[in-house]
Amino acid sequence: MLFNSYIFIFIFLPLTLIGWYALNYVRAYEPAKFFLAGMSLWFYGYFNIYYLAVIIASILANYLLSFLLKFSHTALTRRIGLLVGLAINLGLLFYFKYYDFFFENINAIFHANFNLKHILLPLGISFFTFQQLSFIIDRCTQKAPHYSFADYITFVTFFPQLIAGPIVLHDEMIPQFDDLSNRRFSSDNFAKGIVLFTIGLGKKVLLADTLAIPVNFGFEQTAFLDTPSTLLVILAYTFEIYFDFSGYSDMAIGLGKMFNIEIPVNFNSPYKACSVKELWQRWHMTLSRFFIQYVYIPLGGSRKGKFGTIFNTFVVFFLSGLWHGANWTYVAWGTMQGLLVIWDNLGIVGVKGSNEKVPSRFTIPRWLGWAFTFSFFNLSLFFFRSDSMANAFQMFKNIFAFKETGYLFKIAAKLDIPEFYLAKQMINLTNPELLSYAYAALFILLLIISAMILTRKNAVQIVNEHPLNSRLCLFITVIFVWSVISFSQVSTFIYFNF
């Protein structure tokens with residue numbers, strides 16, 4: 001079930017809210033948790049009922065292990081429990097996400113003939129697996145208690161963050177579900193939740209899905225793109241993935257507020273960053289937190305000298321790339337991010353006004369740091385979006401071919417969106433030969449609007465700093481109605497695939 005769908009907004013969400021607050025009103029606190037978990041499982045299983053078996057098996061296996069750890073009183077038994085937990089969660093993730101990728105490469109390298117399974121990837125498996133893995137690691141290191149099953153299943157399945165994050169921790173979520181003050185309806189939180197959800201909905205439906213139209217066509221035609229079309233397609237994808245992920249994050253936080261649950265911020269205006277390191281402190285913040293807490297620090301963090309720090313940083317970004325998908329393109333993307341962060345950590349070039357503790361040999365203005373950061377991240381997305389390394393390198397070749405064939409007009413013509421219908425008819429009646437130029441102008445205008453939005457305050461800042469006045473209500477109403485009307489052309493969120 002998608003956040004941006006009729007069934008979610010007009011059936012699932014109202015039923016879930018009514019059931020949650022009604023059960024809590026009559027003080028049926030434990031049944032309320034099971035009700036919320038059950039509705040969340042319906043939300044998850046709506047895509048494919050087969051997915052339910054996977055997530056329920058994962059929850060039961062991890063909860064059983066957590067229970068058995070109650071009887072482990074020595075470091076050795078806890079270490080064994082940790083190994084079992086890693087085997088359960090990483091084994092599940094490997095089977096569904098990396099099995100074919102692994103054996104496909106084994107076949108290519110060693111000329112073997114392993115059969116590929118072509119396994120259907122359950123949605124969001126990387127998210128709920130990492131979430132449970134963090135809990136099991138904390139259990140084995142005695143940083144987490146054993147919770148009731150109602151607490152645990154609610155923590156894992158809470159639908160706003162189930163499929164595309166953020167990757168939440170047990171100690172920031174379960175206490176909120178147990179806090180009885182959160183069980184009472186709050187008009188203030190509910191209003192803020194509606195504003196956040198609607199802003200995120202607009203980002204996804206009106207911007208990300210519209211930008212996806214020329215992007216998808218462009219990446220299907222990599223061999224034919226010229227320099228201008230390649231640059232504009234990758235810029236469009238940069239904005240698409242921003243509004244897609246940012247929109248989901250806003251909606252998740254907004255939905256959480258409707259239930260009086262504070263979901264951590266996962267996306268904090270990353271395109272305002274002036275270094276790649278700062279960008280990764282703003283982009284997918286809970287994934288970075290997971291890798292820092294459970295990979296980087298256990299490897300030694302920055303305590304092993306300069307070489308150790310470089311190695312540990314590289315491992316984190318290599319794994320981050322692989323986490324995003326079973327394809328060498330994701331590995332290349334993660335590797336590129338890691339190398340750029342390592343460059344920042346070396347302190348050779350710094351940005352004026354930054355909070356870096358390591359002194360830099362040279363400093364550059366913030367605008368120049370931003371330009372380098374934004375440009376390099378754009379280039380790295382060739383790997384992230386392409387289906388193969390060959391296509392990614394083809395996109396790089398297109399940029400440096402320095403040719404212009406007019407292919408941009410063909411890409412822009414794909415923006416035959418309903419909002420452009422009247423203008424299209426007027427142009428056809430008066431100057432039909434100008435229609436291709438009008439589409440190109442629409443494409444460029446859409447990119448300019450996207451860039452302008454990125455310079456403004458993000459949704460969380462708007463909600464926290466501005467009162468809910470008539471002007472904001474009118475804006476939210478227009479965005480909501482416009483988005484709902486546009487549901488017929490929506491797509492799934494990009495991060496659902498991870």
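Just so it is clear, the structure is predicted and the values come from calculations on it, not from any experiment. (Residues numbered from 1 in each chain as written. Predicted model: local features only at pLDDT ≥ 70, side-chain atom pairs only at ≥ 80, totals over all residues. Heavy atoms only, no water.)

**Q** How do you make sense of unusual backbone geometry when you look at a structure like this?
**A** Of all residues except glycine, most have a negative phi; of all peptide bonds, most are trans. Backbone geometry places Asn260, a non-glycine residue, at a positive phi of 65 degrees. A positive phi is found at Phe402, a non-glycine position, where the angle reads about 50 degrees. The residue Phe402 is located in the loop between α15 (389-401) and α16 (407-412) in this model. For Phe402, a relative accessible area of 66% puts it in the exposed group. (Helix = DSSP H or I, 4+ residues; strand = E, 2+ residues; numbered from the N terminus. Buried < 20%, exposed > 50% of the residue type's maximum accessible area, 1.4 Å probe, protein only.)

**Q** Help me out: how do you make sense of the nonpolar core in this one?
**A** Soluble globular proteins tend to bury their nonpolar side chains together. By size, the foremost hydrophobic cluster in this structure holds 144 residues, and its most contacted members are Phe8, Phe159 and Phe259. No other element matches helix α9 (residues 227-258), which puts 16 residues into this core. Phe159 has contacts with Phe3, Phe8, Phe12, Leu13, Thr16, Leu36, Ser40, Phe43, Tyr248, Leu255 and Phe259, leaving out every residue within four places of it along the chain. (Core = buried A, V, L, I, M, F, W, Y, C linked by side-chain atoms within 4.5 Å. Contact = heavy atoms within 4.5 Å.)

**Q** Would you explain a nonpolar patch on the surface in this entry?
**A** Together, Tyr6, Phe10, Ile11, Leu15, Trp42 and Tyr46 line one region of the surface with nonpolar side chains, adding up to about 600 Å² of accessible area. Broken down by element, the residue count for the nonpolar patch peaks at 4 residues, all from helix α1 (residues 6-25). Among the structural elements, Leu15 can be located in helix α1. (Patch = residues over 30% accessible without salt bridge, like charges linked within 9 Å, V, L, I, M, F, W, Y side chains within 5 Å. Areas by Shrake-Rupley, 256 points an atom, 1.4 Å probe, with all protein chains shown as cover. Salt bridge = Lys/Arg side-chain N within 4 Å of Asp/Glu carboxyl O.)

**Q** I keep staring at empty space enclosed by the protein and nothing clicks. Help me out?
**A** If you walk through the whole model with that rule in mind, you get 1 cavity of 30 Å³ or more. Along its surface, the largest cavity is lined by Ile167, Leu169, Thr286, Arg289, Phe290, Gln293 and Tyr294. By residue class, the composition of the lining of the largest cavity is 4 nonpolar, 2 polar and 1 charged. (1 Å grid on protein atoms, 1.4 Å probe; cavity = no way out; pocket = protein on both sides within 12 Å on 5 of 7 lines; lining within 4 Å. Points joined across faces, edges and corners; volume = space filled by probe spheres on them. Nonpolar A, V, L, I, M, F, W, Y, C, P; charged D, E, K, R; others polar.)

**Q** Looking at this model, I keep getting lost on α9. Mind explaining?
**A** Owing to its 3.6 residues per turn, the α-helix brings residues three or four apart onto one side. Its 32 residues place the ends of α9 46 Å apart at the C-alpha level, agreeing with the 46 Å of an ideal helix rising 1.5 Å per residue. Summarising burial for α9: 29 of the 32 residues are buried, a large majority. (Expected span 1.5 Å × (residues − 1).)

**Q** So what exactly am I meant to see when it comes to the side chain of Asn62 here?
**A** Inspection of the secondary structure puts Asn62 in helix α3 (residues 49-68). Among the polar contacts listed, one links the side chain of Asn62 to the backbone oxygen of Ser58, at a separation of 2.8 Å. (Polar contact = N/O pair within 3.5 Å; in protein donor to acceptor, adjacent residues only side chain to side chain.)

**Q** I tried to follow the pattern of salt bridges on my own but got confused; where do I start?
**A** Once their charged atoms are close, side chains differing in charge can pair, the charge on each being opposite to the other. The full count for this structure, using the stated rule, is 12 salt bridges. For Arg289, the salt bridge is made with Glu172, and the minimal N-O distance between the two is 2.8 Å. Separated by 117 residues along the polypeptide, Arg289 in helix α11 (residues 285-296) and Glu172 in helix α7 (residues 170-178) bring together distant segments of the chain. By relative accessible area, which is 25% here, Arg289 ends up partly exposed. Residue Glu172 is classed as partly exposed on the basis of its relative accessible area, which comes to 22%. For Asp209, the salt bridge is made with Lys204, and the minimal N-O distance between the two is 3.0 Å. No difference in accessibility class separates Asp209 from Lys204, as the two residues are buried. Among the ionic contacts, a cluster of salt bridges with common partners joins Glu30, Lys33, Asp151 and Asp178.

**Q** Would you mind going over the environment of Met251 with me for this structure?
**A** Residue placement: Met251 occurs in helix α9. A relative accessible area of 0% places Met251 in the buried class. When the C-alpha atoms of Met251 and Ile194 are compared, they prove to be 8.6 Å apart, with 57 residues separating the residues in sequence.

**Q** What exactly am I supposed to notice about the confidence of the model for the protein here?
**A** Low pLDDT means the predicted coordinates in that region are not meant to be read closely. Looking at the protein as a whole, the pLDDT averages 92, with 97% of positions reaching at least 70. When pLDDT is averaged over each helix and strand of the protein, the minimum, 83, is found for strand β1 (residues 349-351) and the maximum, 97, for helix α6 (residues 149-157). (pLDDT = per-residue confidence, 0-100.)

**Q** I keep staring at the side chain of Gln132 and nothing clicks. Help me out?
**A** When you line up the elements, Gln132 lands in helix α5 (residues 125-140). The buried category is assigned to Gln132, whose relative accessible area is 0%. In terms of polar contacts, Gln132 uses its side chain to reach the side chain of Ser58, at 2.7 Å. Contact partners of Gln132, with chain neighbours within four places excluded, come to Ser58, Ile59, Asn62, Asn89, Tyr152 and Val156.

**Q** Would you take a moment to explain the environment of Leu15 for this structure?
**A** Assessed through its relative accessible area of 45%, Leu15 is described here as partly exposed. Between the C-alpha atom of Leu15 and that of Lys33, which follows or precedes it by 18 residues, the distance is 15 Å. Ignoring sequence-local partners within four residues, the contact set of Leu15 consists of Phe35 and Met39.

**Q** When you look at the packing of aromatic side chains in this model, what are you seeing that I'm missing?
**A** Given two aromatic rings, one states the distance between the centres and the angle between the planes to describe the pair. Per the stated rule, a full pass over the model turns up 72 aromatic pairs. Their ring planes at 25 degrees and their centres at 4.3 Å tell us that Phe130 and Phe290 sit as a pair that is stacked. Taken together, the residues span a long stretch of sequence, with Phe130 in helix α5 and Phe290 in helix α11 at a distance of 160 residues. Of the residues examined, Phe130 reaches a relative accessible area of 7% and is grouped as buried. A ring pair is formed by Tyr271 and Phe374, whose centres lie 5.5 Å apart and whose planes are at 80 degrees; its orientation type is edge-to-face. Pair noted here: Tyr271 is in the loop between α9 and α10 (276-279) and Phe374 is in helix α14 (residues 366-385), with a separation of 103 residues, a long-range link. Residue Tyr271 is classed as buried on the basis of its relative accessible area, which comes to 6%. Residue classification places Phe374 among the buried residues on the basis of a relative accessible area of 15%. (Phe/Tyr/Trp six-rings, centres within 6.5 Å; stacked < 30°, edge-to-face > 60°.)

**Q** Help me understand α14, please; the structure alone is not making it clear to me.
**A** Between its first and last C-alpha atoms α14 spans 28 Å; for 20 residues at 1.5 Å apiece the expected length is 28 Å, and the two agree. Every buried residue belonging to α14 is among Gly369, Thr373, Phe374, Phe377, Asn378, Ser380, Leu381, Phe382, Phe383, Phe384 and Arg385, and all of these are buried.

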